[in-house]
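# Residue-level structural notes
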Amino acid sequence: NAGVTQTPKFQVLKTGQSMTLQCAQDMNHEYMSWYRQDPGMGLRLIHYSVGAGITDQGEVPNGYNVSRSTTEDFPLRLLSAAPSQTSVYFCASKTTSTTYEQYFGPGTRLTVT
Amino acid sequence: AQSVSQHNHHVILSEAASLELGCNYSYGGTVNLFWYVQYPGQHLQLLLKYFSGDPLVKGIKGFEAEFIKSKFSFNLRKPSVQWSDTAEYFCAVNPDSWGKLQFGAGTQVVVTP
């Protein structure tokens, strides 16, 4: 199993540009989520999905869109990038069983200039 | 507001010293508790987790944590640290039946030779 994979690893955007961060998992996990990591703030939940076709907002959803058309993929779209979205983005997945932990991807480091 | 608090943002200690990192949360009811570690340049890895049962849980690499319900605490400990324990440590709480995690701000631990 590859686990949770994310692409790209690094990205630089100009303000106003749009892009999609890719996330895929091969563990047949129902639950997937996106977090952003900022210094001194830990990780904050952006959006999550409990299955194909079902998504919901987390703590900091503004400026981001998600969709879940398959179990494996959960892309995160930045509609119009802003410097405040400079961060490290992590995707995670788990089964819906409450006794299983989340598995995190390697992260995408995004810089918006 | 419901939150997760980590007491120290930065800890420096020598090899063989003991480590204790504090974590308090403000959620009521049943919660699942986690400690994650992020080594330099790597993604988050699970150190240990508590769902129920024995409040003293043992994780990987010699780490353990104690859940004290009356104090809403889940402190992480290691009797003797090594240089390779240099990392950032995150406490996290899963307050619902899905996978949403609320993270603390993180504690940067530096172990000097």
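Residues numbered from 1 in each chain as written. Chains lettered and ligands numbered in written order. Predicted model: local features only at pLDDT ≥ 70, side-chain atom pairs only at ≥ 80, totals over all residues. Heavy atoms only, no water.

## Some words on the sheet that holds strand E3 (residues 19–25) of chain A
Residues and elements named next belong to chain A. As a reminder of what qualifies: Two strands are said to pair when DSSP picks up at least two bridges between them. Counting from the N terminus, the helices are the DSSP runs of H or I reaching at least four residues and the strands are the DSSP runs of E reaching at least two. Fitted lines through C-alpha atoms serve as axes, helices being fitted only where they are in contact, and the angles separating the N-to-C directions of these axes extend from 0 to 180 degrees.
What the four strands build is an open sheet, ordered E1-E3-E8-E7; its pairing is antiparallel. A single partner strand is all that each edge strand has here, and the edge strands are strand E1 (4–7) and strand E7 (64–66). Across the sheet, the mean angle from the axis of one strand to that of its neighbour is 20°, orientation sign disregarded. Relative to strand E8 (residues 76–78), E3 runs antiparallel, the two being bridged by three bridges. Its bridge partner lying in E8, Met19 is registered against Leu78.

## Points about the packing of aromatic side chains
Our working rule: Only Phe, Tyr and Trp rings are paired, with Trp represented by its six-membered ring, and only when their centres lie within 6.5 Å; those with planes under 30 degrees apart are stacked, over 60 edge-to-face, the remainder tilted. Any residue under 20% of the maximum accessible area for its type is buried, any over 50% is exposed, and the rest in between are partly exposed; the area is computed with a 1.4 Å probe on protein chains only. Here, a charge over a ring means that NZ of Lys or CZ of Arg falls within 6 Å of the ring centre while also lying within 35 degrees of the ring normal.
Summed over all chains, the structure comprises 13 aromatic pairs over all chains. Taken together, a centroid distance of 6.3 Å and an interplanar angle of 85° make the contact between Phe90(B) and Phe103(B) edge-to-face. Of this pair, Phe90(B) sits in strand E10 (residues 87–94) while Phe103(B) is found in strand E11 (residues 102–103), placing the two residues 13 residues apart along the sequence. For the pair formed by Phe90(B) and Phe103(B), the shared burial category is buried. Ring pairing ties together the aromatic residues Tyr35(A), Phe104(A), Phe34(B), Tyr36(B), Phe51(B), Phe90(B) and Phe103(B), which thus form one cluster. The side chain of Arg68(A) reaches across the aromatic face of Phe74(A), ending 6.0 Å from its centre.

## Topic: the environment of Leu45(A)
Worth spelling out the cut-off: Residue contacts are defined here by distance: any two heavy atoms, one from each residue, within 4.5 Å place the two residues in contact.
Within the secondary structure, Leu45(A) is located in strand E5 (residues 42–51). Separated by 35 residues in sequence, Leu45(A) and Ser80(A) have C-alpha atoms that sit 19 Å apart. When neighbours within four sequence positions are excluded, Leu45(A) is seen to be in contact with Ser33(A), Trp34(A), Tyr35(A), Gly58(A), Glu59(A), Val60(A) and Lys100(B).

## Focus on the layout of surface pockets
Our working definition: Grid points spaced at 1 Å over the protein atoms alone were grouped into cavities, where a 1.4 Å probe fits but cannot get out, and pockets, open sets with protein on both sides within 12 Å along at least five of seven lines, with lining residues defined by an atom within 4 Å of a point. Grid points are joined across faces, edges and corners, and a volume is the space filled by probe spheres set on the points. Gly is placed with the polar residues, together with every amino acid not listed as nonpolar (Ala, Val, Leu, Ile, Met, Phe, Trp, Tyr, Cys and Pro) or charged (Asp, Glu, Lys and Arg).
Estimates place the volume of the largest pocket at around 520 Å³. Around the largest pocket, the lining comprises 24 residues; the ones closest to its centre are Val88(A), Phe90(A), Arg109(A), Gln38(B) and Gln42(B). Secondary structure elements with two or more residues in the lining of the largest pocket: strand E4 (31–38), strand E9 (87–94) and strand E11 (108–112) of chain A together with E10 of chain B. It is E10(B) that provides the largest number of residues to the lining of the largest pocket, a total of three residues. Tallied by class, the residues present in the lining of the largest pocket amount to ten nonpolar, ten polar and four charged.

## So, the interface of chain A and chain B
Our working rule: Here's the idea: put two parts together, see how much 1.4 Å probe accessible area each one loses, and the total over both is what we call buried area. By definition, a salt bridge exists where a carboxyl oxygen of Asp or Glu is found within 4 Å of a side-chain nitrogen of Lys or Arg. In protein, a polar contact requires one atom able to donate a hydrogen and another able to accept it; more generally it is a pair of N or O atoms within 3.5 Å, and residues adjacent in sequence count only if both atoms are side-chain atoms.
Each partner contributes residues to the interface: chain A has 22 residues there, and chain B has 20 residues. The contact between chain A and chain B buries some 1700 Å² in all, and 61% of this surface belongs to carbon and sulfur atoms. With a closest N to O distance of 2.9 Å, Lys49(B) and Glu101(A) form a salt bridge. Counting the contacts that link chain A with chain B gives seven residue pairs in polar contact (both at pLDDT 80 or more). Looking at the side of chain A that touches chain B, the elements with two or more residues in it are E4, E5 and E9 of chain A. Element by element, the count of residues in the side of chain A that touches chain B is highest for E5(A), at five residues. Among the residues making up the side of chain A that touches chain B, the classes are represented as eleven nonpolar, eight polar and three charged.

## Side note on the confidence of the model for chain B
The test is simple: How sure the predictor is of each residue is captured by pLDDT, a score from 0 to 100.
Counting all residues, the mean pLDDT for chain B is 92, and 96% of those residues have values of 70 or more. Across chain B, the element-wise mean pLDDT spans from 92 in E11(B) up to 97 in strand E3 (residues 19–21) of chain B.

## Observations concerning the environment of Lys71(B)
On the secondary structure map, Lys71(B) appears in the loop between strand E8 (64–68) and strand E9 (73–78). For the pair Lys71(B) and Asn24(B), spaced 47 residues apart in sequence, the C-alpha separation works out to 7.7 Å.

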